[in-house]
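Single-letter residue listing:
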Amino acid sequence: MLTQDDIVVMAREGDMIDYLVWMHYRRLDVLPQVLQANRHLARLSADDMLHLPDGTPVRMPVLADAPQLPVVRLWS
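A quick note: this is a predicted structure, and the numbers were derived from the prediction, not measured. (Residues numbered from 1 in each chain as written. Predicted model: local features only at pLDDT ≥ 70, side-chain atom pairs only at ≥ 80, totals over all residues. Heavy atoms only, no water.)

Engineer: Tell me about the overall build of the protein, and please be specific about residues and values.
Structural biologist: Assigned secondary structure in the protein consists of 3 helices and 2 strands. Along the chain direction, N to C, the helices and strands of the protein fall in the order β-α-α-α-β. By residue count, 24% of the 76 residues in the protein fall in the buried class. Pairs at least 24 apart in sequence give 69% of the contacts found in the protein among residues at least 6 apart. (Helix = DSSP H or I, 4+ residues; strand = E, 2+ residues; numbered from the N terminus. Buried < 20%, exposed > 50% of the residue type's maximum accessible area, 1.4 Å probe, protein only. Contact = heavy atoms within 4.5 Å.)

And the structure:
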């Protein structure tokens with residue numbers, strides 16, 4: 001579900017959707033949620049989907065879950 005707190009990122013010429021997701025969330029497991037929130041991207045050609053045109057809006061939804069970071073133990 002989209003909320004008013006979602007952020008819209010404007011793609012620069014040639015940006016890829018997974019790059020924008022990584023830069024915003026620092027994780028890629030949320031790519032399906034971002035694609036769900038951006039159904040307008042399905043209207044783009046296959047080439048434009050891989051390399052977004054300049055100024056393409058990409059909605060980054062607010063996520064309910066926090067990323068699961070691995071526990072690193074320096075000492076046993």
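Following the structure, the description resumes.
Engineer: I'd like to hear about the side chain of Asp6, residue by residue, with values.
Structural biologist: Take Asp6: it is sitting in the segment before strand 1 (7-10). Buried charge Asp6 goes without a salt bridge, the closest partner of opposite sign being Arg59 at 4.1 Å. From its side chain, Asp6 meets the backbone nitrogen of Val62 in a polar contact 2.9 Å long. (Lys, Arg positive; Asp, Glu negative; His and termini not counted. Salt bridge = Lys/Arg side-chain N within 4 Å of Asp/Glu carboxyl O. Polar contact = N/O pair within 3.5 Å; in protein donor to acceptor, adjacent residues only side chain to side chain.)

Engineer: Explain the side chain of Arg27 residue by residue, including any values.
Structural biologist: Position of Arg27 relative to the elements: it lies in the loop between helix 1 (17-25) and helix 2 (31-37). For Arg27, a relative accessible area of 8% gives the class buried.

Engineer: Hey, could you go over the pairing of strand 2 (residues 57-60) for me, with residue numbers and the actual values?
Structural biologist: Burial of the side chains of strand 2 is restricted to one face: Val58 and Met60 are buried, whereas none of Pro57 and Arg59 on the reverse face is. Taken together, the 4 bridges between strand 1 and strand 2 define a ladder with antiparallel strand orientation. Pairing of Val9 across the sheet is with Val58, part of strand 2. (Pairing = 2+ DSSP bridges.)

Engineer: Give a detailed account of the nonpolar core, specifying residues and quantitative values.
Structural biologist: Counting 11 residues, the largest nonpolar core is built from Ala11, Ile17, Leu20, Val21, Tyr25, Val30, Val34, Leu41, Leu52, Val58 and Met60. Put simply, the parts of the chain that give this core at least two residues each are helix 1 and strand 2. In terms of residues, this core owes the most to one element, helix 1, which gives 4 residues. Sequence-distant contacts of Leu20, defined by excluding residues within four places in its chain, comprise Val9, Ala11, Asp15, Leu52, Val58 and Met60. (Core = buried A, V, L, I, M, F, W, Y, C linked by side-chain atoms within 4.5 Å.)

Engineer: An account of helix 1 is requested, with residue identities and associated values reported.
Structural biologist: Ile17, Leu20, Val21 and Tyr25 are the residues of helix 1 that are buried. Projection of helix 1 onto a plane perpendicular to its axis shows the buried side chains occupying an angular sector of 105 degrees, all on one side. Looking at the packing, one finds that the buried side of helix 1 touches strand 1, helix 2 and strand 2. Among the residues trailing helix 1, Arg26 stands out with phi positive, at a value near 60 degrees. (Arc of directions from axis to C-beta.)

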